[in-house]
Amino acid sequence: MFQKILIANRGEIALRILRAAKELGIATVAVHSTADAEAMHVKLADESVCIGPPAARDSYLNIPALLTACEITGADAIHPGYGFLSENARFADILAEHKIAFIGPKADHIRIMGDKIEAKRTAKALGIPCVPGSEGGITDDEEALQVAEKIGYPVLVKAASGGGGRGMKVARTKADLSDALAMARTEAKAAFGDDAVYLEKYLEKPRHIEIQVLGDGKGNAIHLGERDCSIQRRHQKLWEEGPSPALDDRQREDIGEIVAAAMRKLGYIGVGTVEFLYENGQFFFIEMNTRIQVEHPVTEMITGIDLVNEQIKIAAGLPLTIQQSDVRLSGHAIECRVNAENPENFRPSPGRISYYHPPGGLGVRVDSAVYQGYLIPPNYDSLVGKLVVHGRTRSEALMRLRRALDEFVIDGIETTLPLFRVLVRNADMQNGDYDIHWLEHFLADGGMSAQ
Ligand code: MV4
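First things first, this report covers the structure right here in the doc.

On to the environment of Pro297, then. Within the secondary structure, Pro297 sits in helix α10 (residues 296-303). C-alpha of Pro297 to C-alpha of Ala404: the two residues are 107 residues apart in sequence and 16 Å apart in space. Other than its neighbours up to four places away in sequence, Pro297 contacts Glu335, Arg365, Asp367, Lys386 and Val388.

Here it is as structure tokens:
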């Protein structure tokens, strides 16, 4: 087992990793930029190293600085969290060269899943249902026209290096296709330095349902159910829940076993999330994330499994001790991402928290690293914390969420709390009757102010 883990991240996920390490009796090293000197994970870690100025590229993305911090402290493993270097295959390779353990999957699996064309090709070969589309990348307009004729319009042009919605263009008719291809390639070249694109049948009103997996690379892999992440704005998730209100147990077991079997065949190591679009009772693979995700507490609350604890043990070479038959999904969990943003226009609202009172009580969890008097820096994402509630049923979880949101006080900055107080009272949300476009339509129809 590792002696000392360097946490190459910040905010709530850095605290989350620190907690798991401490419970395993492993020493912790916090790294921070000059903007995060007063951060909670720095205060609670056994040691801390300042790795640079506020800009991420000079601190949390600064590989030489992270290697030096390992050298100085004698850390034998690095946990990357999410974002930053968590899905950077080169970083995983460099750590291997320096004999420092990367708490994550094999670099090759990160590389495969980072290329959306390779990811899809691999998923298909492993027996995972995919969206109908081009076999690989699209080389010219002629090929695109043939594929589009075959799968039928509307089609979606997607960037191979994309993900998170960047570099996507819909073509509703043959006449739109050439422009959509050109715009997607231009955007992809500018954003990722790679203009490779592929084609898929465009699904009009899907849900976004992701399956949590855990594998040890020794022939064992299990699934831990799903999370419905359809409630998002401009590809930023806001409300995630599990189980999905749209699935029954049979569907859950079927798609879960398909994914677990695929991960066994792949020899996947660590935690991973296989993302699907779900429409008319069918699942369509779109991407796989090879990191711990922001919304992992939803799965922890319904399974009782500590995913970061499992991640660390697997990275240390221990076999998976959980069998699929041990996994019990119990109750319902909902996570709301509390961001330092204006709840109507989502403009960032950094600043000092003048008063902070988080909710509590049975089935209420707040994963946050802020405190009263904390100054939220403007340099990073706006996540203040995650309010996660659990109930024996979805309606109990909704009632608990409503109560917890009304109890939650964060003064000094604007937050998304008022938006969630409206959503938890909304009929469609109470009925679980939503798709990936629901929130943007709700906001466009007046959303907050219309209440
Ligand atoms: C799609 C799609 C419809 N049809 N693919 C957006 C980000 C990336 N994860 C893939 N995305 C989509 N791919 C096909 N063939 C719609 C989206 C999409 C979306 C997907 C999940 C969650 C939110 C979304 C918001 C807009 C579009």
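What follows picks up the thread again.
As a further point, take the sheet that holds strand β13 (residues 282-289). Judged by pairing direction, the sheet is antiparallel, and its eight strands sit side by side in the order β13-β12-β9-β10-β11-β14-β19-β17 without closing on themselves. Strand pairing shows two members of the sheet lacking a second neighbour, β13 and β17 (364-368), which therefore form its edges. Taken pair by pair, the neighbouring strands of this sheet meet at an average axis angle of 25 degrees, ignoring direction. With eight bridges joining them, strand β14 (residues 332-339) and strand β19 (residues 383-391) adopt antiparallel strand pairing. Bridge pairing in β19 links Arg337 to Lys386.

Here the focus is the sheet that holds strand β4 (residues 77-79). In spatial order, the strands read β3-β2-β1-β4-β5; together these five strands make up an open sheet with parallel pairing. A strand with exactly one partner marks an edge of an open sheet, and here the two such strands are β3 (47-52) and β5 (101-102). Of the pairings in the sheet, the one linking strand β2 (residues 27-33) to β3 comprises five bridges and is parallel in character. From the neighbouring strand, Val29 faces β3, where its bridge partner is Glu47. The strands touched by helix α1 (residues 11-23) are β1 (4-7), β2 and β4; relative to β1, the strand with the most contacts, the crossing angle is about 175 degrees. Here helix α3 (residues 63-73) sits on the sheet in contact with β1, β2, β3 and β4, set at roughly 150 degrees to β3.

By secondary structure assignment, the location of Val424 is in the loop between α13 (417-423) and α14 (427-431). Taking the C-alpha atoms as reference points, Val424 and Leu401, 23 residues apart in sequence, are found 7.3 Å from one another. Each residue touching Val424, except ones within four places of it in the same chain, is listed here: Trp239, Leu398, Leu401, Arg402, Leu405 and Gln430.

What follows covers the site of the ligand. Around the ligand, a shell composed of 18 residues is seen, among which Lys158, Glu200, Lys201, Leu203 and Glu287 lie nearest. Here Glu200 contributes a side-chain N or O atom positioned 2.9 Å from a nitrogen atom of the ligand. For the ligand, whose unbound accessible area comes to 530 Å², protein coverage reaches 93%. Among the secondary structure elements, those contributing two or more residues to the shell around the ligand are β6 (155-163), β8 (197-201), β12 (269-279) and β13. Of the residues in the shell around the ligand, the class split is eight nonpolar, five polar and five charged. Summarising the domain contributions, the shell around the ligand has at least three residues from each of domain 2 (132-201) and domain 3 (207-444).

Our next topic: helix α4 (residues 89-97). Within α4, the full set of buried residues consists of Ala89, Phe91, Ala92, Ile94 and Leu95. Along its buried surface, α4 packs onto α3, β4, β5 and α5 (107-114). In this structure Asn88 caps α4, since a side-chain oxygen of it lies 3.0 Å from the backbone nitrogen of Arg90. Two residues or fewer past α4, Lys99 is found with a positive phi of approximately 60 degrees.

Let us look at the pairing of strand β11 (residues 236-242). The buried fraction of β11 is high, at six of seven residues. The antiparallel hairpin formed by strand β10 (residues 221-233) and β11 contains two residues in its connecting segment, where Arg234 sits at a positive phi of about 50 degrees. Note that β11 and β14 share four bridges and pair antiparallel. The residue of β14 that forms the bridge with Glu240 is Glu335.

What characterises a pair of aromatic rings is the spacing of the ring centres plus the angle enclosed by the ring planes. Inspection of every chain in the model, using the stated rule, returns nine aromatic pairs. Geometrically, the ring pair formed by Phe276 and Phe283 is edge-to-face, given 5.7 Å between the ring centres and 80 degrees between the ring planes. Neither residue differs from the other here; Phe276 and Phe283 are each classed as buried. Relative to Phe442, the ring of Trp438 lies with its centre 4.9 Å away and its plane at 15 degrees, an arrangement referred to as stacked. Here Phe442 and Trp438 lie together in helix α15 (residues 438-444), a separation of four residues that amounts to about one turn. Grouping residues by exposure puts Trp438 and Phe442 together as buried.

What counts as what
Residues numbered from 1 in each chain as written. Predicted model: local features only at pLDDT ≥ 70, side-chain atom pairs only at ≥ 80, totals over all residues. Heavy atoms only, no water. Helix = DSSP H or I, 4+ residues; strand = E, 2+ residues; numbered from the N terminus. Contact = heavy atoms within 4.5 Å. Pairing = 2+ DSSP bridges. Axes fitted to C-alpha atoms, helices over the stretch in contact; angles between N-to-C directions. Near = heavy atom within 4 Å. Polar contact = N/O pair within 3.5 Å; in protein donor to acceptor, adjacent residues only side chain to side chain. Areas by Shrake-Rupley, 256 points an atom, 1.4 Å probe, with all protein chains shown as cover. Nonpolar A, V, L, I, M, F, W, Y, C, P; charged D, E, K, R; others polar. Domains from an automatic or database assignment. Buried < 20%, exposed > 50% of the residue type's maximum accessible area, 1.4 Å probe, protein only. Phe/Tyr/Trp six-rings, centres within 6.5 Å; stacked < 30°, edge-to-face > 60°.

Any functional reading would require information beyond the geometric quantities listed.
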